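Observations on the model geometry
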Amino acid sequence: MSVFNHDDSPYTVLIELVRPGENRSRSEALVYDARFDVPADGGETREAVVEKRPYIARYDAYEDDNFLTDQDHFHYYPHDDGDDFIAFDIDDQGTLTHR
């Protein structure tokens with residue numbers, strides 16, 4: 001998993017992968033939780049190993065670790081071929097875009 005910052009301010013990005021389902025508590029559903037401290041015009045990469053199953057990916061982006069600029073989620077379906085990599089770009093407005 002990678003986050004690439006294309007802005008001149010540093011960002012903190014919080015990312016969670018959760019298993020969908022109404023019958024799970026939050027602790028049962030959460031399978032990955034990471035904080036990315038991304039420098040201005042830089043990037044950060046982390047390895048995330050999870051089972052091959054559908055997830056909901058949630059993210060929050062904070063400019064200067066303080067001001068919330070974007071918050072959203074998307075449904076993530078790992079590929080059967082094993083070539084799974086989640087990457088995000090932060091634009092100059094603080095918006096995260098999932099590649």
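Check the entry above for the structure.
Everything in this summary refers to the structure shown in the same document. Residue positions within a chain follow its written sequence, with the count starting from 1. Owing to the predicted nature of the model, reporting of local features is limited to residues with pLDDT of at least 70; listing and counting of side-chain atom pairs is limited to 80 or more, with chain, interface and lining totals taken over all residues. Only hydrogens and water are set aside; all other atoms, that is, all heavy atoms of the structure, feed into the side-chain values.

What to know about the overall build of the protein
The condition that has to hold: Helix and strand labels come from DSSP, where a helix needs a run of H or I of at least four residues and a strand needs a run of E of at least two; each type is numbered from the N terminus. Each residue's exposure class comes from its accessible area (1.4 Å probe, protein chains only) as a fraction of the maximum for that residue type: buried when under 20%, exposed when over 50%, partly exposed otherwise. Whether two residues touch is decided by their heavy atoms; if any such pair falls within 4.5 Å, the residues are in contact. Here the accessible surface of atoms and residues is derived via Shrake-Rupley with a 1.4 Å probe, and residues count as covered only by protein chains that are part of the display.
Of the regular secondary structure elements, the protein holds one helix and eight strands. Order of helices (α) and strands (β) in the protein, N terminus to C terminus: β-β-α-β-β-β-β-β-β. Residues counted as buried form 38% of the 99 residues belonging to the protein. Long-range contacts, defined here as pairs at least 24 residues apart, represent 58% of the contacts in the protein between residues at least 6 apart. When the accessible surface of the protein is summed, it comes to about 6000 Å², and 44% of that surface belongs to carbon and sulfur atoms.

Some points on the pairing of strand β6 (residues 67-76)
Rules: Think of it this way: DSSP has to see at least two bridges between two strands before they count as a pair.
In the sheet, strand β5 (residues 55-63) pairs with β6 via nine bridges, with the strands oriented antiparallel. Paired with R58 across the two strands is H73, which belongs to β6. Linking β5 to β6, which pair antiparallel, is a turn of three residues; within it D64 sits at a positive phi near 55°.

Here we look at the sheet that holds strand β4 (residues 43-45)
As a reminder, the rule being used: To obtain each axis, a line is fitted to C-alpha atoms, and for helices this fit is confined to the stretch in contact; angles are then taken between N-to-C directions over 0 to 180 degrees.
Strand order in the open sheet made by the four strands is β4-β1-β7-β8, with mixed pairing throughout. The outermost strands of the open sheet, each flanked by one partner alone, are β4 and β8 (96-98). Sheet twist, expressed as the mean angle between neighbouring strand axes with direction ignored, is 15°. Relative to strand β7 (residues 87-90), strand β1 (residues 2-5) runs parallel, the two sharing four bridges. Each bridged residue has a counterpart across the sheet, and for S2 the counterpart in β7 is A87.

Notes on the sheet that holds strand β2 (residues 11-18)
Taking strand neighbours across the sheet as the criterion, the four strands line up as β3-β2-β5-β6 in an open arrangement whose pairing is antiparallel. Only two strands of the sheet have a single partner each, and these edge strands are β3 (30-38) and β6. On average, each strand axis in the sheet is inclined to that of its neighbour by 15°, with strand direction left out of account. Both β2 and β5 contribute to a ladder of eight bridges, which runs antiparallel. If you follow V18 over to β5, its bridge partner there is I56.

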